[in-house]
Amino acid sequence: MGNPFRGADVISILDFNRGDLELLFEYADRAQKRLGTKLDVLKGRVVALAFFEPSTRTRFSFEVAAKRLGADVISVSGEEAISVAKGENLADTIRMLDAYGDLIVIRHKHEGAAKLAAEIAEDPVVNGGDGWQHHPTQAMIDLYAVLKLFGTVDGLRYALLGDLKYGRAIVSFLYGLTRFKPGAVYLVSPEPLRPRREVLMKLEELGFRYEFAASLDSVIEEVDVLYVSRVQKERFPDPAEYERLKGSYVVNLKTLSRARPGLKVLHPLPRVDEIALEVDATPHAAYFYQASLGVPVRMALLSLISGAEI
Ligand code: NCD
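In what follows, the accompanying structure is described. Please read all numbers here as calculations on a predicted model, not as lab measurements.

1. Concerning the overall build of the protein
Across its full length, the protein carries 12 helices and nine strands. Taken over C-alpha atoms, the radius of gyration comes to 19 Å for the protein, in line with the 19 Å a tight globule of 310 residues would show. In terms of overall dimensions, the protein has a C-alpha envelope of 55 × 45 × 40 Å along the principal axes. Burial statistics for the protein: of 310 residues in total, 56% are counted as buried. Expressed as a percentage of contacts within the protein between residues at least 6 apart in sequence, the contacts between residues at least 24 apart total 73%. Accessible area for the protein stands at about 13,400 Å²; split by element, carbon and sulfur atoms hold 50% of it. A distance of 3 Å separates the average location of the 39 positive side-chain charges in the protein from that of its 42 negative side-chain charges.

Below you can see the structure in the form of structure tokens.
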């Protein structure tokens, strides 16, 4: 099979089919086995990180992944992003990084920023999260986490709990599930945080089956994977609406008391208060394990895009 990632932009998880993702997961397995050694497969290449929005895990894991593969990393963020604050437009910043580097990872608060960057840059562009809808590399990590935890993504029952209106990680995970054959998918969110029409239309177009569940309690007994996300405070146009909705759902020991013993809780992190700390010590908590897969999955992606073997 060819390598569909070679030289490709990664804007949405929907750009890839099941076979593509399975190839990525094979590479991630290999990357994971070689985590202890510094590789030189990307030696001489420069990965440019353009993070115009705060990030901890995504930024660090891309940086570590690139360095473990032997690449050099340059980054625009914090102080350096100041020329953007000075009024430099996104297109000019991207042109500059395109000239200096070989691959660009971008994070931006605006939906569509990664696509715009990809249109401008000749280098491959990877979307590290833009706006409310797309965060493809997080979805890759989340699907890989499910695969590692259960041996399969198919046939499992999923509940997606949280901010499906503004949360790009949870929406991207939902899009990612369309590439597989889940046993059931329940969407659980306060009414105002249900997925946007655009997302529902996409699911419809793909013939993907899901159900809205009125509450987590109504489905907790049957699910295998509970994917939780925070209310995305920074994306609310009206702070009063955020105040009304924050704290409207929480997963704690009481919630999980009726769960299947094998239930795993995923969360893209950071969490605010939607998973009580008491859950961390239970066998259900898989979110720190999930976060640890960020490096091997991003190593896999960077090497595939660069056409390098690991
Ligand atoms: C997510 C993001 O930035 O969209 N975080 C991440 O990349 N791990 C989720 C979030 O911020 O809630």
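2. Remarks on the site of the ligand
All residues in the neighbourhood of the ligand are listed as Thr-58, Arg-107, His-135, Gln-138, Arg-168, Arg-230, Gln-232, Pro-268, Leu-269 and Pro-270. The separation between an oxygen atom of the ligand and a polar side-chain atom of Arg-230 is 2.7 Å. One of the backbone nitrogen or oxygen atoms of Pro-268 is found 2.9 Å away from a nitrogen atom of the ligand. Compared with its free state, where it exposes 310 Å², the ligand has 94% of that area covered by protein.

3. Thoughts on the packing of helix α4 (residues 90–100) against helix α5 (residues 113–120)
Running from N to C, α4 and α5 cross one another at 50°; their axes reach a closest spacing of 9 Å. In terms of orientation, α4 lies oblique with respect to α5. Every pair of crossing elements has a handedness; the one defined by α4 and α5 is right-handed. Packed against α4, whose contacting residues are Leu-90, Ala-91, Ile-94, Arg-95 and Asp-98, the element α5 presents Ala-113, Leu-116, Ala-117 and Ile-120 at the interface. Residue composition of the contact of α4 with α5, grouped by class: seven nonpolar, no polar and two charged.

4. Re the sheet that holds strand β7 (residues 211–212)
The parallel open sheet is built from five strands, whose spatial order is β7-β6-β5-β8-β9. Taken across any chain shown, the strands that pair with only one partner, and hence form the sheet edges, are β7 and β9 (264–266). Note that strand β8 (residues 225–228) and β9 share three bridges and pair parallel. Looking at β9, one finds that Leu-226 is bridged to Val-265. Relative to β9, helix α6 (residues 136–150) is tilted by about 170°, and along the sheet it contacts β5 (157–161), β8 and β9. Across the face of the sheet, helix α7 (residues 168–177) comes into contact with β5, β6 (184–188) and β8 while running at roughly 160° to β5.

5. A look at helix α12 (residues 294–305)
In this model α12 runs 16 Å from its N-terminal to its C-terminal C-alpha over 12 residues, within 8% of the 16 Å that 1.5 Å per residue would give. Across the 12 residues that make up α12, a large majority, 12, are buried. Listed in full, the buried residues belonging to α12 are Gly-294, Val-295, Pro-296, Val-297, Arg-298, Met-299, Ala-300, Leu-301, Leu-302, Ser-303, Leu-304 and Ile-305. Remark: Gly-307 follows α12 within two positions and exhibits a positive phi of approximately 70°.

6. Overview of the sheet that holds strand β1 (residues 46–51)
Taken together, four strands build an open sheet; the order of strands is β2-β1-β3-β4 and the sheet is parallel. A strand with exactly one partner marks an edge of an open sheet, and here the two such strands are β2 (72–76) and β4 (125–130). Averaged over all pairs of adjacent strands, the angle between their axes in this sheet comes to 15°, without regard to strand direction. Here α5 sits on the sheet and contacts β3 (103–108) and β4; the angle it forms with β4, its principal contact strand, is near 160°.

7. Quick look at the pattern of salt bridges
Counted by the stated rule, this structure contains 18 salt bridges. The partner of Arg-157 in a salt bridge is Glu-222, and the shortest N-O contact between them spans 2.2 Å. Taken together, the residues span a long stretch of sequence, with Arg-157 in strand β5 and Glu-222 in the loop between β7 and β8 at a distance of 65 residues. Here Arg-157 falls in the partly exposed class, since its relative accessible area comes to 29%. What makes Glu-222 partly exposed here is its relative accessible area of 26%. Across the pair Asp-224 and Arg-260 runs a salt bridge, and its minimum N-O distance is 2.8 Å. Linking Asp-224 in the loop between β7 and β8 with Arg-260 in the loop between α10 (253–256) and β9, this pair joins segments that are 36 residues apart in sequence. Where salt bridges share partners, they join Glu-53, Arg-168, Arg-230, Glu-234 and Arg-235 into one cluster.

Conventions used here
- Residues numbered from 1 in each chain as written.
- Predicted model: local features only at pLDDT ≥ 70, side-chain atom pairs only at ≥ 80, totals over all residues.
- Heavy atoms only, no water.
- Helix = DSSP H or I, 4+ residues; strand = E, 2+ residues; numbered from the N terminus.
- Rg over C-alpha atoms; globule rule 2.2 N^0.38 Å.
- Buried < 20%, exposed > 50% of the residue type's maximum accessible area, 1.4 Å probe, protein only.
- Contact = heavy atoms within 4.5 Å.
- Areas by Shrake-Rupley, 256 points an atom, 1.4 Å probe, with all protein chains shown as cover.
- Lys, Arg positive; Asp, Glu negative; His and termini not counted.
- Charge placed at Lys NZ, Arg CZ, Asp CG, Glu CD.
- Near = heavy atom within 4 Å.
- Polar contact = N/O pair within 3.5 Å; in protein donor to acceptor, adjacent residues only side chain to side chain.
- Axes fitted to C-alpha atoms, helices over the stretch in contact; angles between N-to-C directions.
- Parallel < 35°, antiparallel > 145°, perpendicular 65-115°, else oblique.
- Left-handed = near helix turned anticlockwise from the far one by under 90°.
- Nonpolar A, V, L, I, M, F, W, Y, C, P; charged D, E, K, R; others polar.
- Pairing = 2+ DSSP bridges.
- Expected span 1.5 Å × (residues − 1).
- Salt bridge = Lys/Arg side-chain N within 4 Å of Asp/Glu carboxyl O.

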